[in-house]
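Observations on the model geometry
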2 protein chains.
Amino acid sequence: MNGAQSLVQTAVASGIEVCFANPGTTEVTLMAALDAMCGIKPVLCLTEGVCAGAADGFGRMRDWPALTLTHLGPGFANAIAQVHNARRAHSPVVNIIGQQATWHVAGGSVLDMDVEGLARSVSDWTCSSGQAATLGDDLRQAIESAAGQPGQVATLIVPADCQWEEGGRVELARAVRKLRSPNPANIEAVAARLRDSSRVLLLLGGAALREAPLRLAGEVAARSGARLFCETFPARAERGRGRPLLTRLPYFPEQAQPILASASDLVLVGTREPVATFGYAGGPRRLVPPNVAVHSLASAEENPERALAALLELLPKRSPVTRDEPAPPPCPSGALDVHSFGGVLAACQPDHAIVVDESATSGGPYALLSHGAKPFSHLNLTGGAIGFGLPCALGAALACPERPVLALQADGGGLYSTSALWSLAREGANVTVVVCANQAYRILRMETSRAGHRLGHASTTLTDLSTPRVDWVALARSLGVPAERVEDATDLAGRLETAFEEPGPHLIEVPL
Amino acid sequence: MNGAQSLVQTAVASGIEVCFANPGTTEVTLMAALDAMCGIKPVLCLTEGVCAGAADGFGRMRDWPALTLTHLGPGFANAIAQVHNARRAHSPVVNIIGQQATWHVAGGSVLDMDVEGLARSVSDWTCSSGQAATLGDDLRQAIESAAGQPGQVATLIVPADCQWEEGGRVELARAVRKLRSPNPANIEAVAARLRDSSRVLLLLGGAALREAPLRLAGEVAARSGARLFCETFPARAERGRGRPLLTRLPYFPEQAQPILASASDLVLVGTREPVATFGYAGGPRRLVPPNVAVHSLASAEENPERALAALLELLPKRSPVTRDEPAPPPCPSGALDVHSFGGVLAACQPDHAIVVDESATSGGPYALLSHGAKPFSHLNLTGGAIGFGLPCALGAALACPERPVLALQADGGGLYSTSALWSLAREGANVTVVVCANQAYRILRMETSRAGHRLGHASTTLTDLSTPRVDWVALARSLGVPAERVEDATDLAGRLETAFEEPGPHLIEVPL
């Protein structure tokens with residue numbers, strides 16, 4: 001058994017099901033090993049950012065890694081931005097990078113780059129394999145690092161000679177790191193504050209946004225009067241009717257600060273102290289005011305469900321309060337703007353959809369209106385590297401083929417990853433892509449105004465996507481995805497219904 | 001004057017004309033400075049790889065840098081693979097990366113990445129600015145580093161507060177590094193070998209492939225009987241009728257080795273000892289056999305024109321030989337395959353075209369047939385990071401608006417950078433894109449066979465671009481570029497003629 005075969009068999013034995021790949025010459029032996037072994041689905045992505053974004057989406061929905069397979073420095077470099085998103089999402093991802101034969105590394109080839117440096121810059125765990133005999137064990141460690149809780153990015157660099165040489169051994173990933181038990185002292189401290197103050201704000205993130213801890217957090221809020229907020233960029237939040245209502249902490253500091261300032265205490269559950277995405281002239285340098293006490297009920301490494309359950313035990317019981325269940329949203333008709341757009345989506349999204357949301361400035365109303373939508377998993381951009389939506393939707397659809405996926409895609413970000421449409425078509429993925437075509441980098445225009453600048457020639461040019469207009473319908477069809485453009489809200493509702501009924505991907509262009 | 005204004009004014013004063021940009025919030029002050037200052041053309045690229053590839057193409061044609069402007073770690077990460085190509089091409093490129101305010105770097109923002117580490121991994125010169133007062137001087141150094149000979153990649157990281165703070169000072173780049181004088185001892189040694197041996201092989205690369213040194217090299221060959229070869233991946237070679245005939249050193253080691261082994265001496269002019277792109281099982285570990293003496297007439301840092309002129313002085317004069325001028329290639333008709341394809345291109349390309357060649361496996365016959373084409377500049381993939389063709393064509397067209405650009409684009413590589421088509425349309429660039437649509441990663445199928453593997457399910461899937469078929473005509477039109485598909489050689493010749501006559505970009509899909 002050669003090294004490549006031991007790697008593939010270790011992956012299969014360890015429950016790896018999918019490999020999002022864009023291979024090159026240093027990966028041909030791995031391809032041959034995939035040929036010889038059933039159990040791993042090879043999914044070709046036309047750019048490596050799509051590989052990484054898809055693995056991110058897969059990991060978020062499965063809590064077990066998919067593989068990416070990329071080619072040397074240039075191939076992996078193309079993936080880095082999307083790997084960064086995955087890392088910030090705590091998605092379990094295992095990257096395999098093919099490398100030159102050990103005796104040809106840094107040998108003057110045109111492809112020479114610092115592959116290990118690039119890998120380390122964006123991975124929680126990195127290893128360069130040195131021989132065929134340890135490849136299986138290297139992969140075992142990578143999978144165990146990635147699949148632990150919280151999920152991590154593990155990157156394994158595999159020289160070509162380690163693939164083709166004999167002596168490979170199959171290993172099995174099993175000893176996976178669990179979330180630690182939370183610190184009882186922290187729980188007691190938070191309980192005391194909840195008893196003493198009516199102005200406690202619970203900020204939930206990460207693993208705390210899954211079904212069970214969310215329900216407990218809802219109960220904590222009901223018993224204590226605390227307010228529930230959600231981090232600004234949640235990787236995966238279980239949302240919709242029947243789930244506790246969370247408000248997302250706003251993006252702009254001037255909107256987030258008053259909320260934080262209104263609290264006596266900020267209690268972090270599964271997340272870190274919130275930080276502004278950008279520093280602006282005049283500050284603030286820190287979002288949380290100094291007079292607000294910050295407590296960590298459970299860090300990202302600690303079990304939020306246990307922490308919340310233990311917290312609940314320390315709170316006085318109250319007679320069950322009938323929660324105000326948000327009404328199912330009515331479906332708007334008439335002209336399309338971001339409000340009617342959000343309303344149609346919230347009304348029409350099917351039960352237990354996975355909503356991959358890179359809607360950017362077009363998604364504000366949807367984020368609120370979808371509180372009353374049918375239960376769904378809401379996946380968001382976590383690391384600020386735009387272009388995550390279409391790849392993530394691909395990965396989520398392959399992870400959960402029985403669930404419909406709705407990808408809300410801003411046009412600017414969508415143009416980063418259009419080739420993901422081709423993979424959606426090839427895989428027959430049940431993804432409905434809705435392109436929010438406002439033909440601008442609108443967020444950047446807002447930021448320019450906020451900075452006190454008037455849009456001149458350069459800043460207009462550099463934020464304009466209308467010249468020429470991108471024809472998303474033709475673009476999607478050119479890559480094998482059926483597509484339509486809609487003109488009003490009723491039209492959108494009808495197209496959504498058809499798209500969810502028919503198998504395979506669809507794209508709907510919505511002028512906004 | 002704030003820092004951003006001093007940076008933009010330093011750029012204008014130093015002869016920078018174009019900025020290929022995809023900005024974000026940390027770049028709004030730079031955008032405002034561009035608004036306030038004429039002289040730099042802002043060119044929006046929809047992904048950062050296009051920015052970098054375009055700057056590469058611009059630099060190759062102008063020998064003076066364009067700027068790229070990208071956003072933090074994720075933005076620059078997307079550019080890295082194409083920056084690598086530029087670096088290998090010795091293209092002068094200045095990358096400006098916007099960074100968080102100095103007090104917000106590594107502050108926990110979702111966008112936190114090791115920007116400086118990423119920049120260093122692919123740049124010859126890197127600097128993180130620390131204050132507004134030195135921004136102008138930092139850029140001066142960057143331009144001088146990039147614009148020296150040979151060209152380099154210089155990357156300047158500009159924190160947002162250094163942009164918006166006052167105290168900027170305008171500087172002027174002027175002290176640019178020239179190629180060094182070659183070593184007379186090396187020239188004498190080579191002259192001695194040329195007098196003694198009829199089996200000397202001159203391998204030209206880099207700056208030696210420009211007009212003047214090429215003519216001298218042709219004269220050296222005529223006087224000495226030495227054979228002229230060109231490095232496998234020349235950044236820019238002046239070719240076609242009237243220029244000395246160079247054969248490119250083949251890509252596969254088993255084809256390059258016999259050529260090298262037939263020589264007594266290998267003389268390097270403007271390039272390094274050739275190295276196989278990949279190490280294969282069974283070797284070879286070095287391309288040049290041990291019994292072939294290797295001489296450097298001029299390194300990449302030394303002036304090849306002076307070296308060749310001095311060499312010529314040391315060679316016995318001979319009566320001028322009438323060179324066999326390659327015949328103008330006839331234009332084939334009939335069915336299209338890689339031979340007729342190459343023939344039509346060579347026959348139809350207009351005078352003094354810039355041919356940006358990422359034709360991969362479809363371009364072999366063209367490389368030979370174009371020896372007899374009208375004089376042209378031939379730009380090639382230098383660093384193995386595919387997707388360079390369309391961006392490089394954009395940059396070359398903006399560098400030389402008076403010259404027609406022909407982009408020979410393999411479909412696999414083209415799918416990496418499709419959004420460059422949009423920028424071609426927006427800029428009205430005179431680029432004729434010819435897509436070699438063989439619907440496969442054919443090179444990878446060849447490499448799989450060479451490694452002794454039969455294509456199974458995985459390796460077929462991972463090298464197949466036919467399911468679904470990409471409709472390049474619809475794809476180009478969706479991004480604003482007029483496009484047609486051709487069916488035979490005559491059709492291709494006609495479409496090429498039209499495309500070169502009409503202003504603005506065109507795309508021609510050629511099924512191969």
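Residues numbered from 1 in each chain as written. Chains lettered and ligands numbered in written order. Predicted model: local features only at pLDDT ≥ 70, side-chain atom pairs only at ≥ 80, totals over all residues.

1. So, the overall build of chain A
Scanning chain A from terminus to terminus reveals 20 helices and 18 strands. For 512 residues, the compact-globule estimate of 2.2 N^0.38 gives 24 Å, and chain A sits close to it at 24 Å. Each principal axis of the C-alpha distribution contributes one length, and for chain A these read about 65 × 55 × 45 Å. Here chain A, with 512 residues, has 63% of them falling under the buried criterion. (Helix = DSSP H or I, 4+ residues; strand = E, 2+ residues; numbered from the N terminus. Rg over C-alpha atoms; globule rule 2.2 N^0.38 Å. Buried ≥ 20, exposed ≤ 12 C-beta atoms within 10 Å, placed from the backbone.)

2. Overview of the domain arrangement of chain A
Residue and element names in this part refer to chain A. In terms of domain boundaries, chain A breaks down into domain 1 (3–164), domain 2 (184–313) and domain 3 (338–511). Taking the mean C-alpha position of each, domain 1 and domain 3 sit 29 Å from one another. Broken down by secondary-structure element, the contributors of at least two residues to the side of domain 1 that touches domain 3 are strand S2 (41–44), helix H3 (48–62) and helix H4 (72–88). The leading source of residues in the side of domain 1 that touches domain 3 is H3, at 11 residues. Considering only residue class, the side of domain 1 that touches domain 3 consists of 13 nonpolar, seven polar and five charged. (Domains from an automatic or database assignment. Nonpolar A, V, L, I, M, F, W, Y, C, P; charged D, E, K, R; others polar.)

3. Looking at the pairing of strand S16 (residues 431–437) of chain A
Residue and element names in this part refer to chain A. Of all seven residues that make up S16, seven are buried, and the element is covered over most of its length. Burial of the side chains of S16 extends over both faces: Val431, Val433, Val435 and Ala437 are buried on one face and Thr432, Val434 and Cys436 on the other. Summarising the sheet, strand S15 (residues 405–410) and S16 pair through six bridges and their orientation is parallel. The residue bridging Leu406 from the neighbouring strand is Thr432, located in S16. Strand direction decides the pairing type here: S16 and strand S18 (residues 506–511), joined by six bridges, are parallel. Bridge pairing in S18 places Ala437 opposite Pro511. (Pairing = 2+ DSSP bridges.)

4. Description of helix H14 (residues 389–399) of chain B
In terms of residue burial, H14(B) counts as a mostly covered element, since 11 of its 11 residues are buried. For H14(B), every residue scored as buried is listed here: Gly389(B), Leu390(B), Pro391(B), Cys392(B), Ala393(B), Leu394(B), Gly395(B), Ala396(B), Ala397(B), Leu398(B) and Ala399(B).

5. A few points about the sheet that holds strand S17 (residues 483–485) of chain A
Residue and element names in this part refer to chain A. A sheet is described by the order of its strands in space; here seven strands give the open sequence S9-S14-S13-S15-S16-S18-S17, paired in mixed fashion. For this open sheet the edge positions go to strand S9 (236–239) and S17, each flanked by a neighbour on one side alone. On average, adjacent strands in this sheet sit at an angle of 20 degrees to one another, irrespective of strand direction. In the packing of helix H20 (residues 489–501) onto the sheet, contacts are made with S16, S17 and S18, and the angle to S18 comes to roughly 165 degrees. (Axes fitted to C-alpha atoms, helices over the stretch in contact; angles between N-to-C directions. Contact = placed C-beta atoms within 7 Å.)

6. Structural notes on the packing of H4(A) against helix H4 (residues 72–88) of chain B
In contact at an axis separation of 8 Å, H4(A) and H4(B) are set at 170 degrees when each is read in the N-to-C sense. The orientation of H4(A) with respect to H4(B), classified from their angle, is roughly antiparallel. Taken together, the residues of H4(B) that come into contact with H4(A) (itself represented by Gly73(A), Pro74(A), Ala77(A), Asn78(A), Ile80(A), Ala81(A) and His84(A)) are Gly73(B), Pro74(B), Ala77(B), Asn78(B), Ile80(B), Ala81(B) and His84(B). Taken together, the residues of the contact of H4(A) with H4(B) break down into eight nonpolar, six polar and no charged. (Parallel < 35°, antiparallel > 145°, perpendicular 65-115°, else oblique.)

7. Comments concerning the relation of the copies chain B and chain A
Between chain B and chain A, which share one sequence, the superposing operator has a rotation angle of 180 degrees and an axial displacement of 0.0 Å; the RMSD is 0.0 Å. On the angle and the small slide along the axis, the relation comes out as a two-fold axis. By residue overlap, the copies meet face to face through one surface: 100% of the interface positions of chain B are interface positions in chain A. (Least-squares fit on C-alpha atoms with pLDDT ≥ 70 in both.)

8. A look at the nonpolar core
Of all hydrophobic cores here, the largest spans 279 residues; its most connected members are Ala393(A), Ala396(A), Val510(A), Ala393(B), Ala396(B) and Val510(B). Beyond its immediate stretch of four places on either side in the chain, Val510(A) contacts Leu336(A), Phe341(A), Val434(A), Val435(A), Cys436(A), Ala437(A), Val486(A) and Leu492(A). (Core = buried A, V, L, I, M, F, W, Y, C linked by C-beta atoms within 7 Å.)

9. Remarks on the interface of chain B and chain A
Between chain B and chain A, the residue contacts involve 81 residues of the former and 81 residues of the latter. Here the side of chain B that touches chain A takes eight residues from H4(B), the largest share from any one element. Residue composition of the side of chain B that touches chain A, grouped by class: 41 nonpolar, 31 polar and nine charged.

10. Regarding the confidence of the model for chain A
Of the residues in chain A, 99% reach a pLDDT of 70 or more, and the chain-wide mean stands at 97. The ipTM, which scores confidence in the relative placement of chains, is 0.98 for this predicted complex, and the corresponding pTM is 0.98. (pLDDT = per-residue confidence, 0-100.)

11. Topic: the pairing of strand S9 (residues 236–239) of chain B
Residue and element names in this part refer to chain B. Burial along S9 is two-sided: Arg236 and Glu238 and Ala237 and Arg239, pointing in opposite directions, are all buried. When S9 meets strand S14 (residues 376–380), the two strands line up antiparallel, connected through four bridges. Bridge assignment links Glu238 to a residue of S14, and that residue is Ser377.

12. Side note on the sheet that holds strand S3 (residues 66–71) of chain A
Residue and element names in this part refer to chain A. One open sheet accounts for six strands, arranged S2-S1-S3-S4-S6-S5; its pairing is parallel. Both edges of this open sheet fall to S2 and strand S5 (125–128), since each of them pairs with a single strand only. Here the average twist between neighbouring strands, direction ignored, is 20 degrees. Bridge count between S3 and strand S4 (residues 93–99): six bridges; the pairing is parallel. Within the sheet, the bridge partner assigned to His71 lies in S4 and is Gly98. Relative to the sheet, H3 contacts strand S1 (18–21), S2, S3 and S4, its axis offset from that of S3 by approximately 170 degrees. The strands touched by helix H5 (residues 115–122) are S4, S5 and strand S6 (153–159); relative to S6, the strand with the most contacts, the crossing angle is about 170 degrees.

13. Looking at the environment of Ser377(B)
Residue and element names in this part refer to chain B. Following the sequence through the fold, Ser377 ends up in strand S14. The sequence separation of Ser377 and Arg210 amounts to 167 residues, and the corresponding C-alpha distance is 8.9 Å. Contact partners of Ser377, with chain neighbours within four places excluded, come to Arg236, Glu238, Ile354 and Val355.

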